[in-house]
There are 2 protein chains.
Amino acid sequence: MARSWWGWGNAEEALNGEEAAALVGRVQLLLPDHDFSVHRAPDPAALNLPAPRVKPPSALAALCSDDPQDRAGHAHGKAFRDVVRNLRGELRHVPDWIARPRDEADLVSLLDWCAEAGIAVVPYGGGSSVVGGVEARIDGPVVTIDLAHLDQVKEVDPVSRAARIQGGVYGPHLEEQLRPHGLTLRHYPQSFQFSTLGGWLATRAGGHFATLYTHIDDLTESLRVVTPTGISESRRLPGSGAGPSHDRLFLGSEGSLGIITEAWMRLQDRPTYRLTASAEFDSFAQAVDATRAIAQSGLHPANCRLLDPAEALMNAGIATGGGVLIIGFESADHPVTAWMNRALELVADHGGRIRDTKHRGAEADTAGGASDSWRSSFLRMPYQRDALAQRSMIAETFETACTWDRFPAFHAAVTSAAQRALDEICGTGVVTCRFTHVYPDGPAPYYGVYAPGRWDGLLAQWDEIKAAVSEAILDNGGTITHHHAVGRDHGPWYERQRSDLFGRALTATKKALDPAGIMNPGVLVDVR
Amino acid sequence: MARSWWGWGNAEEALNGEEAAALVGRVQLLLPDHDFSVHRAPDPAALNLPAPRVKPPSALAALCSDDPQDRAGHAHGKAFRDVVRNLRGELRHVPDWIARPRDEADLVSLLDWCAEAGIAVVPYGGGSSVVGGVEARIDGPVVTIDLAHLDQVKEVDPVSRAARIQGGVYGPHLEEQLRPHGLTLRHYPQSFQFSTLGGWLATRAGGHFATLYTHIDDLTESLRVVTPTGISESRRLPGSGAGPSHDRLFLGSEGSLGIITEAWMRLQDRPTYRLTASAEFDSFAQAVDATRAIAQSGLHPANCRLLDPAEALMNAGIATGGGVLIIGFESADHPVTAWMNRALELVADHGGRIRDTKHRGAEADTAGGASDSWRSSFLRMPYQRDALAQRSMIAETFETACTWDRFPAFHAAVTSAAQRALDEICGTGVVTCRFTHVYPDGPAPYYGVYAPGRWDGLLAQWDEIKAAVSEAILDNGGTITHHHAVGRDHGPWYERQRSDLFGRALTATKKALDPAGIMNPGVLVDVR
């Protein structure tokens, strides 16, 4: 199937006419006056992209493409603001070349060329960044390095349950290669189908597990990173206390120091025991308390997602006064009944009513239950977002984390800042909230905003909303990102969030490993 | 009680005559020809320490001590080689002053003075380093900054279960301040009584939990660090994906970048449900397999310590062919019977025989059972080590981690390197092994070595053994330290273990935050 150059995922998997009509029909009930005219993406060949400003050395020419669709498709990530700009044909910074190294030696040669010629390098995995992570907003020449050919599981260690895996492998192909070994990474971000291991590592992606192993960081045993000044490889270790963590410097470095070509990843046995349940609440405050009790219980559920009433209604079709909590336990070792029973006691202690409980098979989900309807909706969300964007609707998310003590005031401040921005900028709109991950000391809330926009001002409208909400997040003790990374869109708030000294440390590190400042310039630190 | 200037802990808690006689009696059975003459530490006043080479500015004079016992007591950590040198009165690098800031402002003033005057600073918590971490081996002037007065829990957040705690607080005093809130850090390294929170953080200490929260790193919510170029403070967050981790740069920095003055730490409710069991095995390989099965089960025991036959005999008084596994579960939320039952099934599946199972109270341990006899022995070990060192016996440990697939070959190589070194250097000796922590992808083995030395060559003998074992650890894929830090003693192997590029990144960071290179010079990176 062919990838969409302008929107999410595969072109053929976009909403079909019937689905789009149904979606529009639902929204139209709420917004009868909105202009639902459909805007279609231009043909990349008609964009008249400027010719590449540099020429690869002949030895590398075969790795490099200047095909207009290839270049246009790599110009932006997949945030709402990216999709809108693509639909409008507004591609200001298109990479000059898309280079696809076949192996690490090719990659080293490409970096050598770019460092010598002063060409900016954008490392590219699946391109699913929603923070401007793959878009070099500079005037000079840019080569985007697409790691798609580095897609192999090179070695499996079944005893330690770990594998050496190349950074360019996409989620489904990774799992396919692990399956014969009975092993799985079990890292399923919403982007799973269209993102890569290297991208997850470089951006500290959040995955399947709602507790404990929330970020890919915790599943990482060692990393191999190609930088402009050489290759860094850490030792495979289950744990170490030898100096500051080697790998934690590169986890979250977002391509600004180098490119992760291989990692030894910690794997799981494929779960055979799975229980899921959902519960509803009359008050969101009680639902939050129940979720906190579970997060602090030491039960470590694999899933523990709280949907607020708006989220439950819009994305799981459930009407409640206080929200829905979805809980899941899984194990390859033991039945999880005792775990679930205790979690449901905690739910009941906090006024929750059990809606359904379900044994799940080891494999794909079967139909039925609140968690299933939410999950299938979850995977279709980005396609729906595209269909809405085509119809001048703002549909976007932002995510963060804060401590439990702060959450009530934080949530009130963030939702009211968002609602106020939607009302002022769009006249109306809806703000939803769910917890994607929970920790003993706080939740990771994920907000959705939906509002009617104007086609000609859509980007500016969204940017204004985003800025208002980001201010509220920073002012109230949150993080500008829990698992979407910083990229370029979060840069101003990230700089405020981190300490000056840590910024200086990162800058010094960047200058040491990337003295020419070619690696993903504008991300995290800018040394140009 | 007064601290021993030359040995472990409190002078009054050292082995009394009766205990020492019993210990010597046991060893004498094995080593009838050894010279057990007792060597006593010199009086620090008789050491004729050189006068301080610098003079603190008058505003700081009241914070600084040049008392000989104070200076001698801060010259070394508490490794075997430190104790031996103290006993022999060999104190080559004694700090000129011991400075005790009353607050952060004092600390900033002290660093300003040292940076201006080019005086090396050794940050000092409890001084329990076993890797030369508090001993500046340089010829220039040195001020040791003892954080003992920064010993307060400043704020408690019972909702998020976290507290803001000053870095200089010792373990018992920390727990004492948390107790009224029903909370506990539950970080109990062997040094608990004589080490501080700031020291644990700076060295990535390993603690109570044998799985999951093995290092203090995982219990850290945010850090406040005073460096020569300013103060860095990270935001309190339960999780974040905004750039490389802020805190992970300072965790394990061992005072080479700055001094941790405060941390928000994640706490636990005091456990009310506790179950402990022990099992014995006929073969160590089976015992290792059982331990691995539990580590990979997702049961997450709080305790999961495997003692090899020599360790079980020497330190728990249990004779087995294959070793003893001690398992413990604890919870403040739920009975842990289901967890323990499954762990014991795994033990039985791997040929283990249950020795005892026990419910434990919420508080201090009661007598009885393999785990209790091992635990009380565990806390007395450093005092016994001192008594043995006084009698020309080598008694020391080294610890590491490796992946499960490598462990059999690793263990054979390390134990045979150690045994060979003992045989060649001392004529005989015993090597023991236990696992202090276990991960899904590998164990953290901890080795003990015991051998008869010669008083006049004791240090050289040990250094030769240590080098031989460290080579075997590095060559066979281990880490030079899992939770004892790098300090100065592990430096040469640490440099080989880390990648050159990571070393360059650390050096660049050090130059940015500590341009005069005054912070704990010789540790991790040396920029002088």
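Here goes a summary of the coordinates provided. (Residues numbered from 1 in each chain as written. Chains lettered and ligands numbered in written order. Predicted model: local features only at pLDDT ≥ 70, side-chain atom pairs only at ≥ 80, totals over all residues. Heavy atoms only, no water.)

A separate point is the environment of Thr291 of chain A. Residue and element names in this part refer to chain A. As for its placement among the helices and strands, Thr291 is situated in helix H9 (residues 284-295). Along the primary structure Thr291 and Gln177 are separated by 114 residues, whereas in three dimensions their C-alpha atoms are 36 Å apart. Within the structure, the side chain of Thr291 is placed 2.7 Å from the backbone oxygen of Ala287, a separation counted as a polar contact. (Helix = DSSP H or I, 4+ residues; strand = E, 2+ residues; numbered from the N terminus. Polar contact = N/O pair within 3.5 Å; in protein donor to acceptor, adjacent residues only side chain to side chain.)

What follows is about empty space enclosed by the protein. Under the counting rule described, the total for this entry stands at six cavities of 30 Å³ or more. Only helix H8 (246-250) and helix H16 (500-513) of chain A together with helix H8 (246-250) and helix H16 (500-513) of chain B provide two or more residues apiece to the lining of the largest cavity. Of the residues contributing to the lining of the largest cavity, the split by class is 10 nonpolar, four polar and two charged. (1 Å grid on protein atoms, 1.4 Å probe; cavity = no way out; pocket = protein on both sides within 12 Å on 5 of 7 lines; lining within 4 Å. Points joined across faces, edges and corners; volume = space filled by probe spheres on them. Nonpolar A, V, L, I, M, F, W, Y, C, P; charged D, E, K, R; others polar.)

It is worth spelling out the side chain of His437 of chain B at this point. All names here are of chain B. Its place among the elements puts His437 in strand E17 (residues 430-439). Residue His437 is classed as buried on the basis of its relative accessible area of 2%. From its side chain, His437 meets the backbone oxygen of Gly207 in a polar contact 3.4 Å long. Those residues in contact with His437 that lie beyond four places of it in its chain are Gly206, Gly207, Phe209, Ala210, Thr214, Pro443, Ala444, His482 and His483. (Buried < 20%, exposed > 50% of the residue type's maximum accessible area, 1.4 Å probe, protein only. Contact = heavy atoms within 4.5 Å.)

Turning to the interface of chain B and chain A, a few remarks are in order. On the chain A side, the residues contacting the 83 residues of chain B number 83 residues. Carbon and sulfur atoms supply 57% of the area buried between chain B and chain A, which totals about 6,600 Å² over both sides. For the pair chain B and chain A, the number of links is six salt bridges. Our count for the contact surface shared by chain B and chain A stands at 35 residue pairs in polar contact (both at pLDDT 80 or more). Among the secondary structure elements, those contributing two or more residues to the side of chain B that touches chain A are strand E8 (220-227), strand E9 (230-233), H8, helix H11 (337-349), strand E18 (442-452), helix H14 (458-475), helix H15 (491-497) and H16 of chain B. For the side of chain B that touches chain A, the element with the most residues is H16 of chain B, which contributes nine residues. (Buried area = accessible area lost by both parts, 1.4 Å probe. Salt bridge = Lys/Arg side-chain N within 4 Å of Asp/Glu carboxyl O.)

Attention shifts here to the sheet that holds strand E5 (residues 153-157) of chain A. Hydrogen bonds between backbone atoms are what pair the strands of a sheet, whose relative direction is either parallel or antiparallel. Residues and elements named next belong to chain A. If you trace the five strands from one edge of the open sheet to the other, you get E5-E6-E10-E8-E9, paired in antiparallel fashion. Among the strands making up the open sheet, the edge pair consists of E5 and strand E9 (230-233). On average, adjacent strands in this sheet sit at an angle of 10° to one another, irrespective of strand direction. Here E5 pairs with strand E6 (residues 162-166) via four bridges, running antiparallel. Across the sheet, the residue bridging to Glu155 is Arg164, located in E6. Set on the sheet, helix H5 (residues 104-117) makes contact with strand E8 (220-227), E9 and strand E10 (259-266); between it and E8 the angle comes to about 45°. (Pairing = 2+ DSSP bridges. Axes fitted to C-alpha atoms, helices over the stretch in contact; angles between N-to-C directions.)

What follows covers the relation of the copies chain B and chain A. Rotating chain B by 180° and translating it 0.0 Å along the rotation axis places it on chain A, where the RMSD comes to 0.0 Å. Each copy turns onto its partner about a two-fold axis. Looking at the rotation axis and the C-alpha trace of chain B, the residue lying nearest is Ala508 of chain B, at 2.7 Å. (Least-squares fit on C-alpha atoms with pLDDT ≥ 70 in both.)

Core analysis: the largest hydrophobic core is formed by 211 residues, its most contacted members being Leu185, Leu197 and Met265 of chain A together with Leu185, Leu197 and Met265 of chain B. Excluding residues within four positions of it along the chain, Leu197 of chain A makes contact with Ile165, Gln166, Gly167, Val169, Leu185, Ile216, Ala263 and Met265 of chain A. (Core = buried A, V, L, I, M, F, W, Y, C linked by side-chain atoms within 4.5 Å.)

Residues and elements named next belong to chain B. One way to put it is that helix H13 (residues 407-426) packs onto H14 with a least axis distance of 9 Å and a crossing angle of 160°. Between H13 and H14, the angle is such that the two are roughly antiparallel. Of the two possible hands of crossing, H13 and H14 adopt the one that is right-handed. On H14, the residues touching Phe410, Ala413, Val414, Ala417, Ala418, Ala421, Leu422, Ile425 and Cys426 of H13 are Gln461, Glu464, Ile465, Ala468, Val469, Ala472 and Ile473. In terms of residue class, the contact of H13 with H14 is built from 14 nonpolar, one polar and one charged. (Parallel < 35°, antiparallel > 145°, perpendicular 65-115°, else oblique. Left-handed = near helix turned anticlockwise from the far one by under 90°.)

Residues and elements named next belong to chain A. Across the 10 residues that make up strand E17 (residues 430-439), a large majority, nine, are buried. In terms of strand pairing, E17 meets strand E18 (residues 442-452) through nine bridges, oriented antiparallel. Residue pairing across strands places Thr432 opposite Gly448, the latter belonging to E18. Hairpin connection of E17 to E18: two residues between the antiparallel strands.

This paragraph deals with helix H10 (residues 309-316) of chain A. Residue and element names in this part refer to chain A. Listed as buried for H10 are Glu311, Ala312, Asn315 and Ala316. Seen along its axis, H10 keeps its buried residues to an arc of 100°; they face one direction. In this structure Asp308 caps H10, since a side-chain oxygen of it lies 3.1 Å from the backbone nitrogen of Ala310. Remark: Gly317 follows H10 within two positions and exhibits a positive phi of approximately 70°. (Arc of directions from axis to C-beta.)

A side chain with one charge may pair with a side chain of the opposite charge, provided their charged atoms come close. Residues and elements named next belong to chain A. Counted by the stated rule, this structure contains 70 salt bridges over all chains. A salt bridge links Asp218 to Arg248; the nearest nitrogen and oxygen atoms lie 3.6 Å apart. Remark: Arg248 occurs in helix H8 and Asp218 occurs in the loop between helix H7 (197-203) and E8; sequence separation between them is 30 residues. For Arg248, a relative accessible area of 14% gives the class buried. Salt bridges sharing partners connect three or more residues here, namely Asp82, Arg85, Glu135, Arg137 and Asp489.

Next up on the list: the sheet that holds strand E4 (residues 142-146) of chain B. Residue and element names in this part refer to chain B. The sheet built from four strands is open, its strands ordered E1-E2-E4-E3 with mixed pairing. The sheet is open, and its two borders are formed by strand E1 (64-65) and strand E3 (120-124), each paired with just one other strand. Note that strand E2 (residues 97-99) and E4 share three bridges and pair parallel. Looking at E4, one finds that Ala99 is bridged to Ile145.

Bringing the packing of aromatic side chains into the picture now. Residue and element names in this part refer to chain A. Within the structure shown, the criterion is met by 19 aromatic pairs over all chains. Where Phe209 meets Tyr213, the ring centres are 6.0 Å apart and the plane angle is 75°; that geometry is what we call edge-to-face. By relative accessible area, which is 8% here, Phe209 ends up buried. A relative accessible area of 21% places Tyr213 in the partly exposed class. One aromatic cluster in this structure is built from Phe284, Trp404, Phe407 and Phe435. The ring of Trp264 has Arg236 sitting right over it, with the charged end atom 3.7 Å from the ring centre. (Phe/Tyr/Trp six-rings, centres within 6.5 Å; stacked < 30°, edge-to-face > 60°. Lys NZ or Arg CZ within 6 Å of the ring centre and 35° of its normal.)

Bear in mind that shape data such as this cannot, by itself, settle questions of function.
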